[in-house]
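# Per-entry structural report
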Amino acid sequence: MPITRLSDLSDTALSPRLVIKVGSALLVGPEGVRRSWITQLVAEIAEARARGQDVIVVSSGAIALGAATLGLEKGGRGSLADAQAAAAVGQIALSGLWAQLLDDHGLTAAQMLLTLEDLEDRRRYLNVTATLTRLLDAGAVPVINENDSVATQEIRFGDNDRLAARVAQAARASAVVLLSDIDGLYDRHPKLPGATLISMVEGVSREIHAMASTESNSGMGSGGMVSKLQAAEIAELAGICLVIGNGQHDRPLERIVGREIGTLFTPGDRKAGARKAWLGGRLRLKGELLVDDGAAAALRRGSSLLAKGITAVEGVFGRGDPVAIVDGKGHVLAHGLSEYDAAECAAIVGLHSSEQERVLGYAPRSSVVHRDQMVLK
Ligand code: GLU
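What this report covers is the structure whose coordinates are included nearby. (Residues numbered from 1 in each chain as written. Predicted model: local features only at pLDDT ≥ 70, side-chain atom pairs only at ≥ 80, totals over all residues. Heavy atoms only, no water.)

### Description of the sheet that holds strand S8 (residues 200–202)
Across a sheet, strands are paired by hydrogen bonds formed along the backbone, either parallel or antiparallel in direction. Strands sit in the order S5-S6-S4-S1-S7-S9-S10-S8 across an open sheet of eight strands; the sheet is mixed. Two strands bound the open sheet, and with one partner strand each, they are strand S5 (109–114) and S8. Between one strand and the next, the sheet's axes are offset by a mean angle of 20 degrees, whatever the strand orientation. Across two bridges, the pairing between strand S4 (residues 54–59) and strand S6 (residues 141–146) is parallel. Among the inter-strand pairings, Val 57 is bridged to a residue of S6, identified as Val 143. (Pairing = 2+ DSSP bridges. Helix = DSSP H or I, 4+ residues; strand = E, 2+ residues; numbered from the N terminus. Axes fitted to C-alpha atoms, helices over the stretch in contact; angles between N-to-C directions.)

Put into structure tokens, the structure is as follows:
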């Protein structure tokens, strides 16, 4: 039985495993750590554990905390170097705080700091899955953050929303709850008259993206509605529900789950297989294959991509690397693993499959991206 409403999140059978992401502004206020609020959230986490639910926490706040300690301006977000230094200082306090508060309920915290690459490299991703599974089996509560001190600009998540969705995917969670500073997704800018909270979204469509507003950004964290919707899409492909709810209340989970105030994103029928979901959620790809209208239509019907439909090749990639398949208007149609490297692809652009062997000297695969290695966007 799938999750169909927010109250299902407290149902152990429907939601055996939850990921709860806590934004920086909720954890750190002008006076420092918001200890009494976190204590209440941890009590709610302990209740979920007592019901038999596994809980993984994705906690931001390292940069904000460290910046306060080091006296860095702009909350430590003035430069990458500031953010990395702040995170190194703040993470110690952050992990210590979670460990202590969870321990008050007899729960063991387990810290994991992840980078984008840990989740984008298939082997490392599977390793993260194994560690998370082992920790949960052993009864621990994993507390996860991005390893901000080492992740460079191009290879960072930068926001914990997408990180939380990827972690949920790796841990095969039932749902991700993003605790934010806003009740959920509104149909227009939340400050505009008549703005209405959308309680349920089945599949993140273009119209839903158009509703996203960056105005909900508190200035502390780096997420905003845009990164939350991206997170919802990652979760959707993985067949996982995602909730955006307001954490600015006492006992925030009670308000979201018990009173059902928030936006629930359900995956609908878009769920892909495990490998495809991992591929579709990747943020970094090695190159692009541009395709003509005929190939674009064929892909949408479920066909593999043949060299004949490719018009251009961009980037440097090897065999088996992930690439984007892009139509003539620049829309990304799919992500897939290329059967040929970039130079080979360039050599066979526009050719019929039967000519591939003549040009390359071999042609182990007739398609350039096989449909089993592809996920439509
Ligand atoms: N990883 C960052 C931190 O711990 C937060 C990222 C975010 O704002 O989502 O401060």
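### Quick look at helix H7 (residues 160–170)
With eleven of eleven residues buried, H7 lies mostly within the body of the structure. Within H7, the full set of buried residues consists of Asn 160, Asp 161, Arg 162, Leu 163, Ala 164, Ala 165, Arg 166, Val 167, Ala 168, Gln 169 and Ala 170. A distance of 3.1 Å separates the backbone nitrogen of Asp 161 from a side-chain oxygen at the start of H7, and that oxygen is part of Asp 159. Looking one or two residues beyond H7, the residue adopting positive phi is Arg 172, at roughly 50 degrees. (Buried < 20%, exposed > 50% of the residue type's maximum accessible area, 1.4 Å probe, protein only. Polar contact = N/O pair within 3.5 Å; in protein donor to acceptor, adjacent residues only side chain to side chain.)

### Some words on the pairing of strand S13 (residues 322–326)
In terms of burial, S13 is largely enclosed, as five of its five residues are buried. On S13, burial covers both faces: Pro 322, Ala 324 and Val 326 on one face and Val 323 and Ile 325 on the other are all buried. Pairing of strand S11 (residues 287–291) with S13 involves four bridges; the strand directions are parallel. Of the residues in S13, the one forming a bridge with Leu 289 is Ile 325. Where S13 meets strand S14 (residues 332–337), five bridges bridge the pair, whose relative direction is antiparallel. For Val 326, the partnering residue across the bridge sits in S14 and is Val 332. Hairpin connection of S13 to S14: five residues between the antiparallel strands, including Gly 330 at a positive phi of 90 degrees.

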